[in-house]
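# Structural overview
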Amino acid sequence: MSDSAQPRYQRIKDYILSGIRDRHFLPGCKIPPELELARQFGVSRMTVNKAVRDLAEAGILLRFAGDGTYVAERKAESPLLDINNIAAEIEARGHRHSGQVILLEAAAANEEVALRLSMRAGGIVYHSLIVHCEDDVPIQLEDRYVNPAFAPDYLKQDFSERTPNDYLMQSCPLTDIEHSVEAVLPGVAEQTLLGIAAAEPCLLVLRRTWSHKKLVSFARLTHPGLRYKLRSQTRVKK
């Protein structure tokens, strides 16, 4: 549809959305006042109001009486009850995923890891530590331990190009998951790797995964609380 054929309020919505996408209007910042937009586009304030109201109802803008209209802070989001590839989640939002591999090694399982993986303490596990970023902003620190018996080529993977989730789903399809979630304050390592302050709360997800009753991996997934949220949706049986 040409610009001239578009409803006038749609042109204003597209302008605001383009400004957000191109980072001219940043999260938490005020957009131009309605009167200014009305003059810019040669329309009535009522037309501008409809465009702004539609975007506010979609959660993209926040309106405050007597103050103005702001770009909403948009948090990254993951489903709690599923195992999704974080790279695919980020790309589905129209953003770019990147992974920074901090550690990839064979190590002796300490007592906690051995208990989580139902193996003896001191047994060899594969250990990876990866920072996942969305448009270069860290949103998850993935600290994962894997039973080598079920993922023998784990250490050969380039996890800057593919995620551990992607590899594990292909090498030993995951059939069961266990999640627990808690709020924590970041330690020194988390502060450094996620680029956050000591006082910023984090969401810590502890996840264990099975493949046909074989316990494959245990992961600690740490997310900056101001950048991330978890979602759950369950169908209620009638």
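Everything below is about the structure printed above this text.
In what follows, the accompanying structure is described. Here the structure is a predicted model, which means the values were calculated and not measured.

This next bit is on the overall build of the protein chain. Counting its secondary structure elements, the protein chain contains seven helices and ten strands. Relative to its full complement of 238 residues, the protein chain shows a buried share of 42%. Across the protein chain, every contact between residues at least 6 apart in sequence was considered, and the portion connecting residues at least 24 apart equals 59%. Summed over its atoms, the accessible surface of the protein chain is roughly 13400 Å², and 51% of this surface lies on carbon and sulfur atoms.

This paragraph deals with the environment of Thr-47. When you line up the elements, Thr-47 lands in helix H3 (residues 45–57). Expressed as a C-alpha distance, the spacing of Thr-47 and Gln-10, which sit 37 residues apart in the sequence, is 9.3 Å. The residues touching Thr-47, leaving out its near neighbours within four places in the chain, are Arg-8, Tyr-9 and Ile-12.

Glancing now at the sheet that holds strand S6 (residues 137–146). Within the open sheet, the six strands sit side by side as S4-S5-S6-S9-S8-S7. Their pairing is antiparallel. Whereas interior strands pair on both sides, the edge strands pair on one side only; in this sheet they are strand S4 (97–108) and strand S7 (176–184). Averaged over all neighbouring strand pairs, the angle between strand axes comes to 15°, with direction disregarded. Pairing of S7 with strand S8 (residues 202–211), which is carried by nine bridges, proceeds in the antiparallel orientation. Bridging across to S8, Val-184 finds its partner in Cys-202. In this fold helix H6 (residues 164–171) packs onto strand S5 (124–134), S6 and strand S9 (214–224), with an angle of close to 40° to the strand it touches most, S6.

Before going further, it helps to spend a moment on the packing of helix H1 (residues 8–21) against helix H2 (residues 34–41). Between H1 and H2, the shortest axis-to-axis distance is 11 Å and the interhelical angle comes to 115°. On the basis of the axis angle, H1 is roughly perpendicular to H2. Relative to H2, H1 is oriented so that their crossing is right-handed. Together, Arg-11, Ile-12, Tyr-15 and Ile-16 of H1 and Leu-37, Gln-40 and Phe-41 of H2 make up the contact between the two elements. Here the contact of H1 with H2 is composed, by residue class, of five nonpolar, one polar and one charged.

Bringing the pattern of salt bridges into the picture now. Going through the model one piece at a time under the given rule, you end up with 13 salt bridges. A salt bridge links Asp-153 to Lys-156; its shortest N-O distance comes to 3.4 Å. Overall, Asp-153 belongs to the partly exposed group, its relative accessible area being 34%. Counted as one network, the salt bridges with shared partners bring together Glu-112, Arg-116, Asp-143 and Arg-220.

Here the focus is the layout of surface pockets. Estimated volume of the second largest pocket: approximately 170 Å³. Lining of the second largest pocket is provided by 14 residues; of these, Leu-141, Glu-190, Leu-204, Arg-220 and Thr-222 occupy positions nearest its centre. Sorting the residues of the lining of the second largest pocket by element identifies S6, helix H7 (188–194), S8 and S9 as the ones contributing at least two each.

On to the pairing of strand S1 (residues 61–64), then. Note: S1 against strand S2 (residues 68–71), four bridges, orientation antiparallel. The residue of S2 that forms the bridge with Leu-62 is Tyr-70. What sits between S1 and S2 in their antiparallel hairpin is a turn of three residues, with Gly-66 showing a positive phi close to 80°.

All of the buried residues along H2 are Glu-34, Leu-37, Ala-38 and Phe-41. Taken around the axis of H2, the buried residues stretch over an arc of 105°, which confines them to a single face. On its buried face, H2 sits against H1, H3 and S1. Backbone geometry just downstream of H2 places Gly-42 in the positive-phi region, at approximately 65°.

The rules we used
- Residues numbered from 1 in each chain as written.
- Predicted model: local features only at pLDDT ≥ 70, side-chain atom pairs only at ≥ 80, totals over all residues.
- Heavy atoms only, no water.
- Helix = DSSP H or I, 4+ residues; strand = E, 2+ residues; numbered from the N terminus.
- Buried < 20%, exposed > 50% of the residue type's maximum accessible area, 1.4 Å probe, protein only.
- Contact = heavy atoms within 4.5 Å.
- Areas by Shrake-Rupley, 256 points an atom, 1.4 Å probe, with all protein chains shown as cover.
- Pairing = 2+ DSSP bridges.
- Axes fitted to C-alpha atoms, helices over the stretch in contact; angles between N-to-C directions.
- Parallel < 35°, antiparallel > 145°, perpendicular 65-115°, else oblique.
- Left-handed = near helix turned anticlockwise from the far one by under 90°.
- Nonpolar A, V, L, I, M, F, W, Y, C, P; charged D, E, K, R; others polar.
- Salt bridge = Lys/Arg side-chain N within 4 Å of Asp/Glu carboxyl O.
- 1 Å grid on protein atoms, 1.4 Å probe; cavity = no way out; pocket = protein on both sides within 12 Å on 5 of 7 lines; lining within 4 Å.
- Points joined across faces, edges and corners; volume = space filled by probe spheres on them.
- Arc of directions from axis to C-beta.

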